[in-house]
Amino acid sequence: FRDDAPSPQETGGPREFGGQVGQPELVKGNLPVFVFPTELIFYADDQSTHKQVLTLYNPYEFALKFKVLCTTPNKYVVLDAAGAVKPQSCVDIVIRHRDV
């Protein structure tokens, strides 16, 4: 949550974007979100663990863009690694283990 974002009073009230009044101004920065589970464990000898799902929950009143970064892309594939989460909604992100 950004404390330094201007309030509607500071910016002169609602703005017009594409003919719509009251659209919020885009705020850049990082916000905390909920991710479940907090860790994924892949077992080499258990094929059923080679595909797992992360759920990303947006608790805010506005949509968020997200991007999942992988530090070892030769071992893991992140399907739909970037996208958006609607307000107070969640998305599932599939993580696959490539090779043992």
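Here, the structure is the one placed above.
Residues numbered from 1 in each chain as written. Predicted model: local features only at pLDDT ≥ 70, side-chain atom pairs only at ≥ 80, totals over all residues. Heavy atoms only, no water.

1. A closer look at the packing of aromatic side chains
Then comes step 1: Evaluated as defined, the whole model comprises four aromatic pairs.
Then comes step 2: When the centroid spacing of 6.3 Å and the interplanar angle of 5° are considered together, the rings of F34 and F36 count as stacked.
Then comes step 3: Each ring, one from Y60 and one from F62, has its centre 5.3 Å from the other, and the planes form 15°; the classification is stacked.
Then comes step 4: Given the relative accessible area of 15%, Y60 is considered buried.
Then comes step 5: For F62, a relative accessible area of 36% translates into the label partly exposed. (Phe/Tyr/Trp six-rings, centres within 6.5 Å; stacked < 30°, edge-to-face > 60°. Buried < 20%, exposed > 50% of the residue type's maximum accessible area, 1.4 Å probe, protein only.)

2. As for the nonpolar core
Then comes step 1: With eight residues, the main nonpolar core is built from F42, L54, L56, F66, V78, V85, I93 and I95.
Then comes step 2: Those elements giving two or more residues to this core turn out to be β4 (51–57) and β8 (90–97).
Then comes step 3: Look past the residues within four positions of I93 in its chain and what remains in contact with it is Q52, V53, L54, L56, F66, V68, V78, L79 and D80. (Core = buried A, V, L, I, M, F, W, Y, C linked by side-chain atoms within 4.5 Å. Helix = DSSP H or I, 4+ residues; strand = E, 2+ residues; numbered from the N terminus. Contact = heavy atoms within 4.5 Å.)

3. With respect to the layout of surface pockets
Then comes step 1: Counted as a void, the second largest pocket has a volume near 300 Å³.
Then comes step 2: What lines the second largest pocket is a set of 19 residues, among which L40, L54, V68, L69 and I95 lie closest to the centre.
Then comes step 3: Within the residue set of the lining of the second largest pocket, elements represented by two or more residues are β4, β5 (64–67), β6 (76–78) and β8.
Then comes step 4: Of the residues forming the lining of the second largest pocket, the biggest block, three residues, is contributed by β4.
Then comes step 5: Residue classes in the lining of the second largest pocket are distributed as 15 nonpolar, two polar and two charged. (1 Å grid on protein atoms, 1.4 Å probe; cavity = no way out; pocket = protein on both sides within 12 Å on 5 of 7 lines; lining within 4 Å. Points joined across faces, edges and corners; volume = space filled by probe spheres on them. Nonpolar A, V, L, I, M, F, W, Y, C, P; charged D, E, K, R; others polar.)

4. A word on the sheet that holds β4
Then comes step 1: Spatially, four strands are ordered β3-β4-β8-β6 in an open sheet, and the strand pairing comes out antiparallel. Because the sheet does not close on itself, it has two edges, and the strands there are β3 (34–36) and β6. Averaged over all pairs of adjacent strands, the angle between strand axes in this sheet comes to 25°, irrespective of strand direction.
Then comes step 2: Where β4 meets β8, seven bridges bridge the pair, whose relative direction is antiparallel. Across the sheet, Q52 pairs through a bridge with I95, a residue of β8. (Pairing = 2+ DSSP bridges. Axes fitted to C-alpha atoms, helices over the stretch in contact; angles between N-to-C directions.)

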